Amino acid sequence: MLYRANPLKRYAPWLGSWLLVSCVGVVLITQSELTTIREAFETDARIAHRLLSQRAVQHDAVLSTLTLLRSADTQAEPEQRLSSVYPQIISILRRSRDAHWPTASLQAAETESRRFKRAALAEADFSKGRYWVVMGAEPTSYAVLIDIHSMVPWQEWPAQPATSPVRMALDYGGQAFELQPGGVQFQRASPGVRQFDFHKVLATDSQPFDVVAQRRVGWDELPWVMMLLWTLLVAALLQVVRVGLRQATDRRRAEELLRFGQVARLNTLGELAAGMAHELNQPLTAMLANAQAANRLLNEDPPDLHLAQAAIQGAVGQAQRASDVVNRLRHVVEQPDEQAKIQAVDLQVLTRQALHLLEPEMQRRSIEPIIQLAGAPFQVRAEPVALEQIIHNLLMNALQALDQVPAGERSLVLVLSTSGGSGQLSVCDTGPGIAVDVITRIFEPFFTTRPGGLGLGLSLSESLVAGMGGTLVATNRAPRGAEFCLNLPLA
Ligand code: ADP
């Protein structure tokens, strides 16, 4: 299994989230806009249907009234004034009992009218925008010629016919009379984003025309600015979250480094070393003075044994004091309850944690660490904090070694494996390696070849590993570089 910290991978989840949230928002915005358009369209279509139905019903009423008036007063010709009241009625025909209709279709319509006892349609010619409605009655039957355009109550019409994006027409028997063309959307071949349709037959059987309304929504009608603003808003919000999370991670990392890292601990150890030198200097000086005095008193003739004994006593006291100082310091550095905290630890998880902590250091040096796991993940017996400290020290040393070679030649490989009853972590770098004459000394306290180095990292690590029943071994690698192999008993 290979693990490589890829910078692209870091942004992929954010990019993915941005795309997802943006797309969901864009779809919702589009849906909402389409719903608004559809509702407005349906309202207009229903109003148009109602207005046209009212007019059609009016025609039936007019015909009925005519036939009634005629039967009451045979001499009257009330139809002559109808056109002034109903401009859509452009012609009226009347057939008395013995007369004939001028055309067969008017005759057929009258037959139908008598059969169904209502007005009936004859000769609908939508190319001219006209149709006849006939009412058969005694003694006189009537037919009115309707002009469709004049039939539309334009003052009450729900749309501006010239500019409205809704196409409206009356359909009958394969003919269509266009009431309004429906704007540019209907001049294009493509139906655009969506097409809404409305069909409803007029509310009278005598004029069974289908009111057809259509609305095409073009791509240019979608709220692009709103969508753009949404995607920008999502990007901004995600950026805020990302920066917030990164700051939190950085803060946690800094706290971790402070908790067990080079920074605080080695600084403290450095101060301790200085303090130790200071504290030991006094008893050592006193011991020297006492030993010199005893030497002088014993060389006297006769030797002053009493005073020499007191001087030696004093030296012993000072030596005791020095020993106390050393013991006290050892207690500060050592962790006496380490054994108690030993538990099963996933070495791979801990290695990743240590790498995560040093991510900025790696990035600064253009190093992409590689983790190789030979076999299944395993657990070792260790004290987690101490183990992380050790891995951290080894990684820091490797980074410092890699500083000494050109950026293109830097590689850091961490190999996790098991053998026998133990689990191993090898930290391999392509730095300059360890000089042959110093390789035996690097685990000594205060041994360092680095200017400003304390020489405590490896010695501390080795004693911590030993405390957990493991080993830490350093070797050089061919053609170049060092390898530190950490061995711990398997859990
Ligand atoms: P410091 O890092 O303060 O020098 P350490 O105990 O960590 O103390 O290391 C002791 C010495 O071991 C270093 O000064 C260096 O010479 C050597 N050393 C440690 N790690 C490496 C490494 N990866 N490559 C080469 N030399 C190393």
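Overview of the structure.

Conventions used here
- All chains use their own residue numbering, which begins from 1 and follows the written sequence.
- Given that this is a predicted model, residues contribute local features only at a pLDDT of at least 70 and side-chain atom pairs are listed and counted only at 80 or more, while totals for whole chains, interfaces and linings are drawn from all residues.
- Neither water nor hydrogens contribute to the side-chain values; these are computed over all heavy atoms in the structure.
- Helix numbering and strand numbering both begin at the N terminus, where a helix is a DSSP run of H or I of at least 4 residues and a strand a DSSP run of E of at least 2.
- Computation of the radius of gyration draws on C-alpha atoms alone. For the globule rule, the value is 2.2 Å times the number of residues to the power 0.38.
- To sort residues, take the accessible area from a 1.4 Å probe on protein chains only and compare it with the maximum for the residue type: under 20% means buried, over 50% means exposed, and anything in between is partly exposed.
- What makes two residues a contact is simply this: any of their non-hydrogen atoms within 4.5 Å.
- In this description, accessible areas are obtained by the Shrake-Rupley approach with a 1.4 Å probe, and a residue is regarded as covered only by the protein chains that are shown.
- His is not counted, nor are the chain ends; Lys and Arg add positive charge and Asp and Glu add negative charge.
- All charge positions are set by atom: Lys at NZ, Arg at CZ, Asp at CG, Glu at CD.
- The cutoff for a nearby residue is simple: one of its non-hydrogen atoms must lie within 4 Å of the molecule or strand.
- Definition of a polar contact: a pair of N or O atoms within 3.5 Å, with one able to donate and the other able to accept a hydrogen when the atoms are protein atoms, and with sequence-neighbouring residues admitted only if both atoms are side-chain atoms.
- For each structure, a 1 Å grid was placed over the protein atoms alone; sets of points admitting a 1.4 Å probe that cannot get out are labelled cavities, open sets with protein on both sides within 12 Å along at least five of seven lines are labelled pockets, and lining residues have an atom within 4 Å of a point.
- For this analysis, a molecule is said to be in a pocket or cavity if more than half of its atoms are within 2 Å of the grid points defining it.
- Nonpolar cores are built from buried Ala, Val, Leu, Ile, Met, Phe, Trp, Tyr and Cys residues. Side-chain atoms within 4.5 Å join them into one set.
- A carboxyl oxygen of Asp or Glu within 4 Å of a side-chain nitrogen of Lys or Arg is what we treat as a salt bridge.
- Strand pairing is assigned whenever DSSP detects at least two bridges linking the two strands.

Assigned secondary structure in the protein chain consists of 11 helices and 16 strands. Compactness check: the protein chain gives a C-alpha radius of gyration of 51 Å against a globular reference of 23 Å for 491 residues, more than 25% above the reference. Within the protein chain, buried positions represent 40% of all 491 residues. Across the protein chain, every contact between residues at least 6 apart in sequence was considered, and the portion connecting residues at least 24 apart equals 68%. Summed over its atoms, the accessible surface of the protein chain is roughly 26,600 Å², and 58% of this surface lies on carbon and sulfur atoms. Distance between charge centres in the protein chain, computed from 45 positive and 48 negative side chains, equals 5 Å.

This part covers the environment of Ser105. Note on placement: Ser105 falls in helix 3 (residues 104-116). The spatial distance from the C-alpha of Ser105 to the C-alpha of Gln309 is 153 Å, given a sequence separation of 204 residues. Aside from chain neighbours lying at most four places away, what touches Ser105 is Ala122 and Glu123.

Before going further, it helps to examine the site of the ligand. Near the ligand there are 19 residues, and of these Asn397, Thr448, Thr449, Arg450 and Leu458 occur at the shortest range. Here a nitrogen atom of the ligand sits 3.0 Å away from a polar atom, N or O, in the side chain of Asp429. Interatomic distance of 2.8 Å between a backbone N/O atom of Leu458 and an oxygen atom of the ligand. For the ligand, the accessible surface in isolation is 520 Å², of which the surrounding protein chains cover 94%. If you map the ligand onto the pockets, it falls in the largest pocket. Those elements giving two or more residues to the shell around the ligand turn out to be helix 10 (384-402), helix 11 (457-467) and strand 16 (482-489).

This next bit is on the environment of Ser463. Tracing the backbone shows Ser463 in helix 11. Residue classification places Ser463 among the partly exposed residues on the basis of a relative accessible area of 45%. Here the alpha-carbon distance between Ser463 and Ala273, two residues 190 residues apart in the chain, equals 18 Å.

As a further point, take the nonpolar core. One broad trend across soluble globular proteins is that nonpolar side chains are buried collectively. Formed by 46 residues in total, the largest nonpolar core has its most connected members in Leu387, Ile391, Leu395, Leu412, Ile442, Phe484 and Leu486. The element that contributes the greatest number of residues to this core is helix 10, accounting for 10 residues. Setting aside residues no more than four positions away along its own chain, Leu395 makes contact with Ala354, Leu355, Leu358, Leu412, Leu414 and Val427. If you look at the next biggest cluster of nonpolar residues, it comprises 40 residues, including Ala45, Ala48, Leu63 and Ala213.

Across all of its chains, the model carries 17 salt bridges by this definition. Note that Glu138 is salt-bridged to Arg97, the shortest N-O span being 3.2 Å. One end of the pair, Glu138, is in the loop between strand 4 (130-135) and strand 5 (141-147); the other, Arg97, is in the loop between strand 2 (89-95) and helix 3, with 41 residues separating them in the sequence. For Glu138, a relative accessible area of 45% translates into the label partly exposed. With a closest N to O distance of 3.3 Å, Glu138 and Arg114 form a salt bridge.

Here strand 14 (residues 422-429) lies mainly inside the structure; 8 of its 8 residues are buried. Judged by which residues are buried, strand 14 turns out to be covered on both faces: Ser422, Gln424, Ser426 and Cys428 on one side and Gly423, Leu425, Val427 and Asp429 on the other are all buried. Sheet analysis places strand 13 (residues 412-419) next to strand 14, joined by 8 bridges and oriented antiparallel. Paired with Leu416 across the bridge in strand 14 is Leu425. Between strand 13 and strand 14, which pair antiparallel and follow one another directly, the connecting turn spans 2 residues, one of which, Gly420, has a positive phi of 60°. Bridge count between strand 14 and strand 16: 7 bridges; the pairing is antiparallel. Among the inter-strand pairings, Cys428 is bridged to a residue of strand 16, identified as Glu483.

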